[in-house]
Amino acid sequence: MSSFIPLSIPNFCGNEKKYVDDALDGAWVSTSGAKVNEMEECVASYVGVSAVTACSSGSTALHLSAIVGGIQRGDEVIVPALTFIASVNPTTRYVGAEPVFIGCDETATMDPDTVEDFCANHCTMRDGKLYNDKTGAHVSAIVLVHVFGNMADVPRFLEIAKKYNLLLIEDAAEAIGTKYTEGPLAGSFAGTMGDIGVYSFNGNKIITTGTGGIFLSKRPEWVARAKHLSTQSKTDVLHFVHDEVGYNYRMTNIDACLGLAQMELLEGFIEHKIERYEQYCSALDGVKGFSMLPFREGTRSNHWFYSLLLPDRLDRDDVIARLQDQKIQTRPVWSLIPEQCDYQRNETFNLDQAKEFRRRIVNIPCSTNLTEEDCNRVIDAILAL
Ligand SMILES: *Cc1c(COP(=O)(O)O)cnc(C)c1O
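Residues numbered from 1 in each chain as written. Predicted model: local features only at pLDDT ≥ 70, side-chain atom pairs only at ≥ 80, totals over all residues. Heavy atoms only, no water.

1. A short note on the overall build of the protein
Working step 1: Scanning the protein from N- to C-terminus turns up ten helices and 16 strands.
Working step 2: Computed over C-alpha atoms, the radius of gyration of the protein comes to 21 Å, within 12% of the 21 Å expected from 2.2 N^0.38 for 385 residues, which places it in the range of a compact globule.
Working step 3: Reported as C-alpha extents along the three principal axes, the dimensions of the protein are approximately 65 × 60 × 40 Å.
Working step 4: Taken across its 385 residues, the protein has 58% of its residues classed as buried.
Working step 5: Each charge sign in the protein was given a centre, from 35 positive and 51 negative side chains, and these centres are 2 Å apart. (Helix = DSSP H or I, 4+ residues; strand = E, 2+ residues; numbered from the N terminus. Rg over C-alpha atoms; globule rule 2.2 N^0.38 Å. Buried < 20%, exposed > 50% of the residue type's maximum accessible area, 1.4 Å probe, protein only. Lys, Arg positive; Asp, Glu negative; His and termini not counted. Charge placed at Lys NZ, Arg CZ, Asp CG, Glu CD.)

This is the structure in structure tokens:
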């Protein structure tokens, strides 16, 4: 009887138990504890920034991004239609702002041409600020998502953000480790190039703390403000004086122990993911109408998710069910955000490619401990479809 092959599961093969045991022995389980600071230093030095703030999740880090970045009630925020819902909720509705949804290009990341067209032809600059002609609202920010660990077109978005005076938040929740290897941004990691960046350590991400996240910015005062807000904006440990409305958003010491152990494993995980991705590509890409979504040239992606593009003859849901029958877990891309919650009333631009990917992509097993044999089992099952 063959075993179940999951889509993406945590892999605790390093010092996780040891570090957590140490924390339990010292009873450092909550948000104070030396490991949270160590985790911050570890991530900051890995991606080459001076400081970061460790948060309770990627979602809470994104909420802090919206507040610290100054997104105001009534503002509009440019967001991708093809992403996880947590790119959008915390950066728009949590702070009383509204999204403008943009489709993706063939890389599955937000299409810069469509964003440029929206800013140039559907908005007007007044006194150095961008206003939506249709709604009159101030368009104040872009949330750029590095979908599935694939680097979005950062140089284009830096240009657009500068030209239209927009805050650039990089949702790199799925992309820790992804970096440019060529061009003027060579050496820069996803999340470090915009005004604010966010990572997630949720259970399905490339490394995990159970739940956790990172807020980062090249502006030390923004990192400090995020930390302050994440600890209830407490200014005084004795009398409990709080100088603004804060949140309980800080990472716990236990989670930081997991994170420190996982950070030691990250580069090895990426190597493993690249090997399995190449195994899939050599067997499937261009074979029987299948193709694999590529990662951007001139980058070293963390290869978080592997996206298989189905030929027209196959129905996505039927493929998922047939693979499930063989104990192989796969998943379509997310339902587009503008179809969800009450986002139907928000504007959308150029969703064709996103709809096409929604219809044709199946994400296939990509765990950091996926074996060569299991990978071959998945390949055989796909080729038999
Ligand atoms: C996982 C994820 C988030 C949210 O992170 P959590 O840690 O789960 O709150 C945000 N955006 C994207 C693109 C994600 O994949």
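2. Things to note about the site of the ligand
Working step 1: Around the ligand, a shell composed of 16 residues is seen, among which Ser59, Asp171, Glu174, Ser200 and Lys205 lie nearest.
Working step 2: Asp171 has a polar side-chain atom sitting 2.7 Å from a nitrogen atom of the ligand.
Working step 3: Looking at the shell around the ligand element by element, the count peaks at three residues for helix α3 (residues 58-68).
Working step 4: Split by residue class, the shell around the ligand holds five nonpolar, eight polar and three charged. (Near = heavy atom within 4 Å. Polar contact = N/O pair within 3.5 Å; in protein donor to acceptor, adjacent residues only side chain to side chain. Nonpolar A, V, L, I, M, F, W, Y, C, P; charged D, E, K, R; others polar.)

3. With respect to the packing of aromatic side chains
Working step 1: Applying the stated criterion across every chain yields a total of ten aromatic pairs.
Working step 2: For the ring pair Tyr247 and Tyr249, a centre distance of 4.8 Å and an interplane angle of 15° mean the geometry is stacked.
Working step 3: Owing to a relative accessible area of 15%, Tyr249 belongs among the buried residues under this scheme.
Working step 4: Seen from their ring centres, Trp304 and Phe305 are 3.8 Å apart, and the 10° between their planes marks the pair as stacked. (Phe/Tyr/Trp six-rings, centres within 6.5 Å; stacked < 30°, edge-to-face > 60°.)

4. Some words on the domain arrangement of the protein
Working step 1: For the protein, the assigned domains read domain 1 (16-262) and domain 2 (266-383).
Working step 2: On a C-alpha basis, the centres of domain 1 and domain 2 stand 25 Å from each other.
Working step 3: Contact residues are listed per partner, giving 50 residues for domain 1 and 40 residues for domain 2.
Working step 4: Interface of domain 1 and domain 2: buried area, both sides summed, is about 3900 Å²; carbon and sulfur atoms make up 60% of it.
Working step 5: On the domain 1 side of the contact with domain 2, Phe101, Phe148 and Ile206 bury the most area, a combined 22% of that side's loss.
Working step 6: Put simply, Glu98 and Arg345 hold a salt bridge, and the shortest N to O gap is 3.9 Å.
Working step 7: On inspection of domain 1 and its partner domain 2, the count reaches 26 residue pairs in polar contact (both at pLDDT 80 or more).
Working step 8: For the side of domain 1 that touches domain 2, the secondary structure elements donating two or more residues are β3 (98-102), α4 (112-121) and β8 (179-180).
Working step 9: Here the element with the most residues in the side of domain 1 that touches domain 2 is β3; it accounts for five residues.
Working step 10: Considered class by class, the residues forming the side of domain 1 that touches domain 2 number 22 nonpolar, 17 polar and eleven charged. (Domains from an automatic or database assignment. Contact = heavy atoms within 4.5 Å. Buried area = accessible area lost by both parts, 1.4 Å probe. Salt bridge = Lys/Arg side-chain N within 4 Å of Asp/Glu carboxyl O.)

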